[in-house]
Amino acid sequence: MPVTTLFPTQDNYVNYHLPNDVMPSPSTWKRLEIGVDLYDTGTGYHGLCYSFIQFDLSSIPAGATINSANLFLRAHFVRGDYAPVFVDVYQTTTATWDEQGITWNGMPQWDQQVLGSAEMDGSAGPQDVLISILTSAISSPLTANVLSIVLAARDNPQSGLDIPSATFMDIGDVDAYSPWLQINYTEASTFSPKVMIF
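Parameters and conventions
- Residues numbered from 1 in each chain as written.
- Predicted model: local features only at pLDDT ≥ 70, side-chain atom pairs only at ≥ 80, totals over all residues.
- Heavy atoms only, no water.
- Phe/Tyr/Trp six-rings, centres within 6.5 Å; stacked < 30°, edge-to-face > 60°.
- Helix = DSSP H or I, 4+ residues; strand = E, 2+ residues; numbered from the N terminus.
- Contact = heavy atoms within 4.5 Å.
- Core = buried A, V, L, I, M, F, W, Y, C linked by side-chain atoms within 4.5 Å.
- Buried < 20%, exposed > 50% of the residue type's maximum accessible area, 1.4 Å probe, protein only.
- Pairing = 2+ DSSP bridges.
- Polar contact = N/O pair within 3.5 Å; in protein donor to acceptor, adjacent residues only side chain to side chain.

The subject of this paragraph is the packing of aromatic side chains. A complete count under the given rule lists six aromatic pairs for this structure. Seen in terms of ring centroids, Tyr50 and Trp104 are 5.5 Å apart; in terms of plane orientation they differ by 15 degrees. Their pairing is stacked. Taken together, the residues span a long stretch of sequence, with Tyr50 in strand 4 (residues 48-56) and Trp104 in the loop between strand 6 (84-91) and strand 7 (116-121) at a distance of 54 residues. Three or more aromatic residues joined by ring pairs form one cluster here, namely Tyr16, Tyr50, Phe52, Trp97, Trp104 and Trp110.

What follows is the structure, given as structure tokens:
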């Protein structure tokens, strides 16, 4: 069964505290962030953030059966007051957003079904994150050739220190640390039985 590895075609994050700004600011290294903090505590804290990623699915043949899909992330920084930090993945309702123009006030909406989740160690440093994605999320967008997802920290928006947040590497970094999607699929059968005429 063929396996394909896809890297994002575009990605970025949005920040509640900077609702009209395209992130990140030019003075920072490009990254993806998630968090639930309604209070902007400044440097070292994420605030309320969501991260958006797109993948081009055109390399997967039409009619293929998706057997498995795994999203790999490299968490550069995780904050959770020494408790687990959970990240959930959702599919956006539109794939027309642009990484160079997406803002909090202009971000796409997303379906409420969770496509996959992972638990991160809030007390640890950099760590690899594996999220198994529902195969239906890959099958349904195949005709449009684009998968558009959003990453969110699992918690209600709140204020305080050391509440769930994380920073991930993104496509601006080396491939070894970039998000990537691995898809295992079976191509559609092209067998056509011969008709015997007697």
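More follows now that the structure is in view.
Inspection of the secondary structure puts Leu147 in strand 9 (residues 146-153). Between the C-alpha atom of Leu147 and that of Thr92, which follows or precedes it by 55 residues, the distance is 8.6 Å. Apart from residues no more than four positions distant in its own chain, Leu147 is found in contact with Ile53, Gln54, Phe55, Leu57, Gln91, Ala137, Ile138, Pro141 and Leu181.

This part is about the nonpolar core. Within the largest apolar cluster, 35 residues are counted, with the highest numbers of intra-cluster contacts made by Leu71, Met120, Ile131, Ile138, Leu151, Phe168 and Ile183. Among the elements that line this core, the one with the most residues is strand 5 (residues 65-79), at six residues. Counting residues in hydrophobic clusters, the runner-up holds 12 residues, among them Val14, Leu48, Ile102 and Met107.

Before going further, it helps to examine the pairing of strand 10 (residues 165-168). Across the two faces of strand 10 the burial is the same, with Ser165 and Thr167 and Ala166 and Phe168 all buried. Bridge analysis of strand 3 (residues 32-36) against strand 10 gives four bridges, and the strand direction is antiparallel. By the bridge assignment, Leu32 is partnered in strand 10 with Phe168. Where strand 5 meets strand 10, four bridges bridge the pair, whose relative direction is antiparallel. What sits directly across from Phe77, in strand 10, is Thr167.

The next subject is the side chain of Arg74. Mapped onto the elements, Arg74 comes out in strand 5. Residue Arg74 is classed as buried on the basis of its relative accessible area of 18%. Here Asp128 takes part through its side chain, which lies 3.1 Å from a polar atom of the side chain of Arg74.

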